[in-house]
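# Working through the structure, step by step
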Amino acid sequence: IGDDATNSVYAWLRWSKAGKPVLVVANFTPVPREAYRIGVPFAGAWQEVINSDAGIYAGSNYGNGGAVLTDEVASHGQTVSLALNLPPLAVLILRPQEG
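A few points on the structure. (Residues numbered from 1 in each chain as written. Predicted model: local features only at pLDDT ≥ 70, side-chain atom pairs only at ≥ 80, totals over all residues. Heavy atoms only, no water.)

## Considering the overall build of the chain
In terms of regular secondary structure, the chain is built from zero helices and seven strands. Taking 13 Å as the expected radius of gyration for a compact globule of 99 residues, we find that the chain reaches 13 Å, a close match to that expectation. Counting only C-alpha atoms, the chain reaches 30 × 30 × 25 Å along its principal axes. For the chain, buried positions account for 34% of its 99 residues. Pairs at least 24 residues apart make up 62% of the contacts formed inside the chain by residues separated by at least 6 positions. In the structure as shown, the chain presents an accessible area of about 5700 Å², 54% of it carried by carbon and sulfur atoms. Placing the 6 positive and 8 negative side-chain charges of the chain at their respective mean positions leaves the two points 11 Å apart. (Helix = DSSP H or I, 4+ residues; strand = E, 2+ residues; numbered from the N terminus. Rg over C-alpha atoms; globule rule 2.2 N^0.38 Å. Buried < 20%, exposed > 50% of the residue type's maximum accessible area, 1.4 Å probe, protein only. Contact = heavy atoms within 4.5 Å. Areas by Shrake-Rupley, 256 points an atom, 1.4 Å probe, with all protein chains shown as cover. Lys, Arg positive; Asp, Glu negative; His and termini not counted. Charge placed at Lys NZ, Arg CZ, Asp CG, Glu CD.)

## Focus: the pairing of strand β1 (residues 9-15)
Direction of pairing for β1 relative to strand β2 (residues 21-27): antiparallel, over a ladder of seven bridges. When the sheet's bridge partners are listed, W12 is paired in β2 with V24. Hairpin connection between β1 and β2: a loop of five residues separates the two successive antiparallel strands, and G19 in this loop has a positive phi of roughly 85°. (Pairing = 2+ DSSP bridges.)

## Describing the packing of aromatic side chains
What describes a pair of aromatic rings is the distance from one ring centre to the other and the angle between the planes of the rings. A full pass over the atoms with the stated rule returns two aromatic pairs. With centroids separated by 5.7 Å and ring planes inclined at 70°, the aromatic side chains of Y10 and F28 adopt a geometry described as edge-to-face. Placement of Y10 in strand β1 and of F28 in the loop between β2 and β3 (33-40) is noted, with a sequence separation of 18 residues between them. Relative accessible area serves as the criterion here: at 35%, Y10 is assigned to the partly exposed category. By relative accessible area, F28 is classed as exposed at 53%. Centroid distance W15 to F42: 6.1 Å. Interplanar angle 70°. Geometry classified as edge-to-face. Placement of W15 in strand β1 and of F42 in the loop between β3 and β4 (45-51) is noted, with a sequence separation of 27 residues between them. (Phe/Tyr/Trp six-rings, centres within 6.5 Å; stacked < 30°, edge-to-face > 60°.)

As C-alpha cells, then:
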C-alpha cells in the first residue's frame, strides 16, 4: 500500500529466498487506526513479530494481541485480508504463523 495519503499508512510484503513473506505496516500519524484492512497472500493466523508500540519499547501496547486471523474479504488484489489495529507512529511486522 503506497497510495493511502489520507491515513499516512504504508504497507509492503518482503519475501525470503524460501518464499516466506513478512508484512511490514507503518502508520505515520499520531492516530491509532482500528480494523485497517490489508490484503495478504495466505489465509490463517499472522503473528506480530514486531510492534514498535509494545510496552517493551516504552509504547502504549496498542496492537493485535500478538496475532490476527485473516478474513475472507478481498483486498489489495488478494482473496483474504487482515483487519489490523495500527498503533500511532509505529511499525508492525507480521508473518504467517506456521503449524
